[in-house]
Amino acid sequence: MVPDFLIQIKDFISQPWPWYVGGLMIVAIMFLLLYFGKEFGISANFRTMCAADGAGDMADFFKFDWQSQGWNLLVALGAVFGGYLAANYFASPDGNIAHVSDATIESLKGLGFNFENGEVPLVPEFYSWEALFTLKGLLVIVGGGFLVGFGARYAGGCTSGHAISGMSALQLGSLYAVIGFFAGGLFMTYILFPLIFN
Amino acid sequence: MRMSRYIMIGILFGITMYKTEAVSWFRIYEMFHFQSFHMYGIIFSAIALGVVVVQWIKRKHLKSSEGQEIKINDKDKHWPRYIFGGFIFGLGWALAGVCPGPMFVLMGSGYTVFIVFLLSAMTGTFVYGLLRKKLPH
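A few points on the structure. These numbers come from a predicted model, not from an experiment. (Residues numbered from 1 in each chain as written. Chains lettered and ligands numbered in written order. Predicted model: local features only at pLDDT ≥ 70, side-chain atom pairs only at ≥ 80, totals over all residues.)

Regarding the overall build of chain A
Helices and strands together make up the secondary structure of chain A, namely eight helices and zero strands. Starting at the N terminus, the α and β elements of chain A follow one another as α-α-α-α-α-α-α-α. Counting only C-alpha atoms and orienting by the principal axes, one finds that chain A spans roughly 55 × 50 × 35 Å. Expressed as a percentage of its 198 residues, the buried residues of chain A come to 45%. (Helix = DSSP H or I, 4+ residues; strand = E, 2+ residues; numbered from the N terminus. Buried ≥ 20, exposed ≤ 12 C-beta atoms within 10 Å, placed from the backbone.)

Focus: the overall build of chain B
Each helix and strand in chain B was counted, giving six helices and zero strands. Helices and strands in chain B line up, N terminus first, as α-α-α-α-α-α. C-alpha atoms of chain B, sized along the principal axes, occupy 40 × 40 × 35 Å. A fraction of 47% describes how many contacts in chain B between residues 6 or more apart in sequence connect residues 24 or more apart. (Contact = placed C-beta atoms within 7 Å.)

Describing the interface of chain A and chain B
The partner chain B presents 97 residues to the 107 residues of chain A that form the contact. The set of elements that each furnish at least two residues to the side of chain A that touches chain B consists of α2 (19-35), α3 (44-52), α4 (70-89), α5 (102-110), α6 (135-155), α7 (159-168) and α8 (172-196) of chain A. Ranked by the residues each element gives to the side of chain A that touches chain B, the list is headed by α6 of chain A, at 17 residues. A breakdown of the residues in the side of chain A that touches chain B according to their chemical character gives 75 nonpolar, 30 polar and two charged. (Nonpolar A, V, L, I, M, F, W, Y, C, P; charged D, E, K, R; others polar.)

Examining the packing of α2 of chain A against helix α3 (residues 38-60) of chain B
The contact between α2 of chain A and α3 of chain B brings their axes to 7 Å, and the two run at 35°. Every pair of crossing elements has a handedness; the one defined by α2 of chain A and α3 of chain B is right-handed. Along its contact with α2 of chain A, which presents W19, Y20, G22, G23, L24, I26, V27, M30, F31 and L34 of chain A, the element α3 of chain B presents H38, G41, I42, S45, A46, L49, G50, V53 and I57 of chain B. Of the residues that constitute the contact of α2 of chain A with α3 of chain B, the class distribution is 13 nonpolar, six polar and no charged. (Axes fitted to C-alpha atoms, helices over the stretch in contact; angles between N-to-C directions. Left-handed = near helix turned anticlockwise from the far one by under 90°.)

What to know about the packing of α3 of chain A against α4 of chain A
The axes of two packed helices give the description: the angle between them and the distance between them. All names here are of chain A. Running from N to C, α3 and α4 point in directions that differ by 115°, and their axes come no closer than 10 Å. The angle between α3 and α4 places the two elements in the roughly perpendicular class. Our pair here, α3 against α4, has a crossing hand that is left-handed. Note on element contacts: α4 touches α3 through N72, L73 and A76, opposite A44, N45 and T48. Of the residues in the contact of α3 with α4, the class split is three nonpolar, three polar and no charged. (Parallel < 35°, antiparallel > 145°, perpendicular 65-115°, else oblique.)

Digging into the environment of F36 of chain A
Checked against the element boundaries, F36 of chain A lands in the loop between α2 and α3. Considered as a pair, F36 of chain A and A103 of chain A are 67 residues apart in the sequence and their alpha carbons are 43 Å apart. When near neighbours in sequence (up to four residues on either side) are disregarded, F36 of chain A contacts R5, S64 and S65 of chain B.

Written out as structure tokens, the structure is:
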């Protein structure tokens with residue numbers, strides 16, 4: 001039988017985590033990578049993956065020693081495993097929901113979202129293979145992916161590389177990037193969402 | 001290279017992103033509507049603590065596990081690439097509700113459609129690589 005204290009630990013981890021635990025864990029991860037002589041930045045993997053697929057023949061940007069970046073691919077692979085573990089073994093006792101504010105629920109309804117019992121699921125229904133055959137799903141998954149991949153490399157980093165690593169090292173460039181992230185995000189949310197979701 | 005430690009770090013990262021709901025499209029939506037402190041709390045507490053940790057590393061001249069002093073490279077300060085690139089990234093972040101880290105996490109959580117998202121992101125990076133010399137940086 002599984003000892004009681006292990007079940008208690010599992011139940012403890014399974015609660016939704018407050019923001020400060022998230023902040024603490026992210027810094028712990030950033031520190032561990034620095035300690036191992038690496039730098040936290042997930043989106044660099046896109047470039048590595050392109051290079052590994054032979055993109056170096058088509059653009060100099062992909063001519064580099066991509067095998068030296070193998071450690072970062074392993075971090076990404078670990079993130080996949082972590083997602084599996086969290087979803088299958090550490091699911092919240094109150095179900096797979098996002099504990100968003102009432103104001104958010106109200107404004108989502110205004111955008112045409114319907115929620116049973118007023119609970120917001122963790123992810124929207126357009127995160128599915130079927131949704132790829134709808135305009136909305138195609139925009140979100142294919143369009144969103146392209147913008148994220150293009151923008152992250154153009155800006156030289158994403159949320160982990162700039163907002164966390166760069167800002168922690170007080171880099172002015174990272175501050176510009178974060179301003180760019182929010183300007184783009186707000187433009188999408190306030191100007192383009194009403195066109196896409198109605 | 002010791003492989004298992006990077007996979008372990010990734011697992012910790014994945015569980016953190018999932019359990020703080022940073023992987024949720026609805027949390028990102030909420031953040032861009034300023035309707036909750038949650039996401040800002042995660043980001044700002046990480047930055048505040050991160051600044052202290054980085055300063056401590058620099059002042060102590062802390063050595064890495066390989067025995068060399070930990071070096072944090074300064075980023076180039078020309079603003080156009082950060083603002084333009086960041087803006088494009090932000091459009092995608094808000095639309096898809098995920099940035100690159102959470103995308104890998106969701107793939108493992110059972111949303112296998114994110115394989116398509118990853119391929120699209122690689123395509124985006126590839127197109128950037130082709131156009132790089134023509135873009136303002």
